[in-house]
Amino acid sequence: MASPPNVTVQTIRTILSEVIDSLESPDYASKLDEAKEAAGNEMLKMMQLVFPMVVQIEMETIKRHGFSGSREGIVQFTQLVREMETMDNEVARLHSQIRSHYLPPVSISSTVDTSL
């Protein structure tokens, strides 16, 4: 599984921005909203209904940038994003924005005693 040539931080930023634009486009936004409504607050349903839609949009986008449009391509792209988000705050922000479409915000209460 070879990486597309010249995958830079800027390339990853561009791809992530394109994914966000697609997710928020009129073509997909209403479909995502319907899937989220059908899933309700159930995480399993969210992963069954919403997550695959987001992955499909990602796969269509990365294919235009030289990645394989297969499962291997999306895995490879996600690994690159995870590596780059530790080095680049903008990549981390964009990736977080995409994840927010299928993962609810998690708040950790400061009153919980985590010491063992």
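The following paragraphs examine the structure supplied in this document. (Residues numbered from 1 in each chain as written. Predicted model: local features only at pLDDT ≥ 70, side-chain atom pairs only at ≥ 80, totals over all residues. Heavy atoms only, no water.)

## Points about the packing of aromatic side chains
Here is step 1: As enumerated under the stated definition, the model contains two aromatic pairs in all.
Here is step 2: Centre to centre, the rings of F51 and Y102 are 4.8 Å apart; their planes meet at 70°, and the pair counts as edge-to-face. Within this pair, whereas F51 is found in helix 4 (residues 51–63), its partner Y102 is found in the segment after helix 6 (89–99), the two being separated by 51 residues in sequence.
Here is step 3: Relative to F77, the ring of F67 has its centre 5.5 Å away and its plane inclined at 80°; by these criteria the two rings are edge-to-face. You can see F67 sitting in the loop between helix 4 and helix 5 (71–85) and its partner F77 sitting in helix 5, a full ten residues away along the chain. Across this residue pair, the class does not change: F67 and F77 are buried. (Phe/Tyr/Trp six-rings, centres within 6.5 Å; stacked < 30°, edge-to-face > 60°. Helix = DSSP H or I, 4+ residues; strand = E, 2+ residues; numbered from the N terminus. Buried < 20%, exposed > 50% of the residue type's maximum accessible area, 1.4 Å probe, protein only.)

## Side note on the side chain of E85
Here is step 1: Looking at the secondary structure, you find E85 in helix 5.
Here is step 2: By relative accessible area, which is 14% here, E85 ends up buried.
Here is step 3: At a separation of 3.0 Å, a polar atom in the side chain of E85 contacts the side chain of R82. (Polar contact = N/O pair within 3.5 Å; in protein donor to acceptor, adjacent residues only side chain to side chain.)

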